[in-house]
Amino acid sequence: MGKGGKSHQEGEENMAAWLVDLNTLKIQPFKLPPLGPHDVRVRMKAVGICGSDVHFLKTLRLADFVVKEPMVIGHECAGIIEEIGSEVKNLVPGDRVALEPGIGCWRCDICKEGRYNICPDMKFFATPPIHGSLARQVVHPADLCFKLPDNLSLEEGAMCEPLSVAVHACRRANIGPETNVLVMGAGPIGLVTLLAARAFGAPRIVIVDVDDYRLSVANNLGADGVVKVSTNMQDIPEEVERICEVMGAVGVHVTFDCAGFNKTMSTALSATRAGGKVCLVGLGHNEMTVPLTPAAAREVDIIGIFRYKNTWPLCIELLRSGKIDVKPLITHRFGFSQKEVEEAFETSARGGDAIKVMFNL
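Predicted model only: the values in this text are computed from it and were never measured.

Calculation notes
Once a new chain begins, its residue numbering starts again from 1 and follows that chain's sequence as written. Restriction of local features to residues with pLDDT of at least 70 applies here, the model being predicted, together with a cutoff of 80 or more for giving and counting side-chain atom pairs; totals for whole chains, interfaces and linings are based on all residues. Side-chain descriptors were evaluated using all non-hydrogen atoms of the structure, hydrogens and water having been removed beforehand. Working definition: helices are DSSP H or I runs of at least four residues, strands are E runs of at least two. Numbering for both runs from the N terminus. As a reference, a globule follows 2.2 Å times the number of residues to the power 0.38, and the radius of gyration itself is taken over C-alpha atoms. Buried, partly exposed and exposed residues are distinguished by accessible area as a fraction of the type maximum, computed with a 1.4 Å probe on protein chains only: under 20%, between the cut-offs, and over 50%, respectively. Here a residue-residue contact requires only that any non-hydrogen atoms of the pair lie within 4.5 Å. Methods summary: accessible areas were calculated by the Shrake-Rupley approach with a probe of 1.4 Å, and residue burial reflects only the protein chains presented. Charge counting treats Lys and Arg as positive and Asp and Glu as negative, with His and both chain ends excluded. Note that the charge is assigned to NZ on lysines, CZ on arginines, CG on aspartates and CD on glutamates. For the purposes of this section, nonpolar cores are sets of buried Ala, Val, Leu, Ile, Met, Phe, Trp, Tyr and Cys residues that join through side-chain atoms within 4.5 Å. A domain assignment, automatic or from a database, supplies the domain bounds used here.

S.K.: How should the overall build of the protein chain be read in this particular structure?
M.R.: A count of helices and strands for the protein chain gives 11 helices and 20 strands. Over its C-alpha atoms the protein chain spans a radius of gyration of 21 Å, differing by no more than 12% from the 21 Å that the globule rule assigns to 361 residues. When the backbone C-alpha atoms are referred to their principal axes, the protein chain occupies close to 65 × 40 × 40 Å. By residue count, 54% of the 361 residues in the protein chain fall in the buried class. Here the contacts in the protein chain between residues at least 6 apart in sequence split such that 70% fall between residues at least 24 apart. Carbon and sulfur atoms form 52% of the exposed surface of the protein chain, whose accessible area is close to 15500 Å². Between the mean site of the 38 positive side-chain charges and the mean site of the 43 negative ones, the protein chain shows a separation of 3 Å.

Here's what the structure looks like:
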């Protein structure tokens, strides 16, 4: 995860998209670190834009992470193995792989418990000060590169990253055939959560959003019901009533808040039945004012999730088997020129009909 320079291929410079200032991305040289014995060098082929990438571009920060010096952007990615370290046994040059972007320390108690996603020393693509993966080539640990079956595209491989968030959330909330699910927010994460909850066996899934287009996408992806809501807190009681009507008599067992705002979390806590769970997936606000006491009185559990752990093999299997199809979520594609990188981020930031914006390198 080094800075600026030549690649291993004679005369070819490794280039990457660097976040150099507020609203400023530049394609510049990116020097790769030496290949360690357990590392691989990957030629990137598909990289998706995440909301966090856009947030860093617009504000140079996300929660406690602040961009203090130029940083290579991007973390949803897949590519082709070009070179392997001396101790790598499970991959060979030419293999198509999806990359898990976070490297835990594997020394702390949290990592040893297997919950490496919350490791305090996590090194995660494009989370300052660690460089990301929107580059021609990157070096990454081999055990975080997962071979793709022949029937999956590299774009689908890159989609394993957002899908992993949803899979981890479904595991944390124990989604199964007896769990009715409400999803707050029909953005990319809300939509993959809909797909994952269905694959985990949820019998009835209702999704809520402020945007008609995104609700129509949710409908097409197989939501059992959609509810259009406002951004107005005063509308919560009436909207909760509508959500409960659409869900049916059994009610909402688990709500996934994929936005993370006062309004969405308050709605989630009110709409979830007594004894149910609310899983906070989206982190829209750092602090929220929500009706905790009524929720506690009904024994509604609140679960937090952060990224994912040990999800890539399952995501790849869900895609390979056809239980989940993420292809409809990829709405825009761009190449890797200065102009296209700028256009791609503008497209993603604008939202509207852009769900997942993907680079083909």
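S.K.: Looking at this structure, how should I read the nonpolar core?
M.R.: In summary, soluble globular proteins display a tendency toward joint burial of nonpolar side chains. The biggest cluster of nonpolar side chains holds 61 residues, and the ones touching the most others in it are Ile-175, Leu-191, Ile-207 and Phe-256. Looking at this core, the elements that each hand over two or more residues are helix 3 (154-158), helix 4 (160-172), strand 13 (181-184), helix 5 (188-199), strand 14 (205-209), helix 6 (212-220), strand 16 (252-257) and helix 10 (312-320). Residue contributions to this core reach at least three from each of two domains, namely domain 1 (15-147 + 326-360) and domain 2 (166-304). Not counting chain neighbours up to four residues away, the residues in contact with Ile-175 comprise Cys-170, Val-181, Ala-197, Phe-200, Ala-202, Val-254 and Phe-256. Ala-16, Ala-17, Phe-30 and Val-42 belong to the second largest nonpolar core, which has 43 residues in total.

S.K.: Looking at this model, I keep getting lost on the environment of Ala-17. Mind explaining?
M.R.: Tracing the sequence through the fold places Ala-17 in strand 1 (residues 15-21). Expressed as a C-alpha distance, the spacing of Ala-17 and Glu-317, which sit 300 residues apart in the sequence, is 31 Å. Residues in contact with Ala-17, not counting those within four places in the same chain, are Lys-26, Ile-27, Met-71, Val-72, Ile-73, Leu-134, Phe-336 and Val-341.

All quantities given are derived from atomic positions and should not be read as evidence of function.
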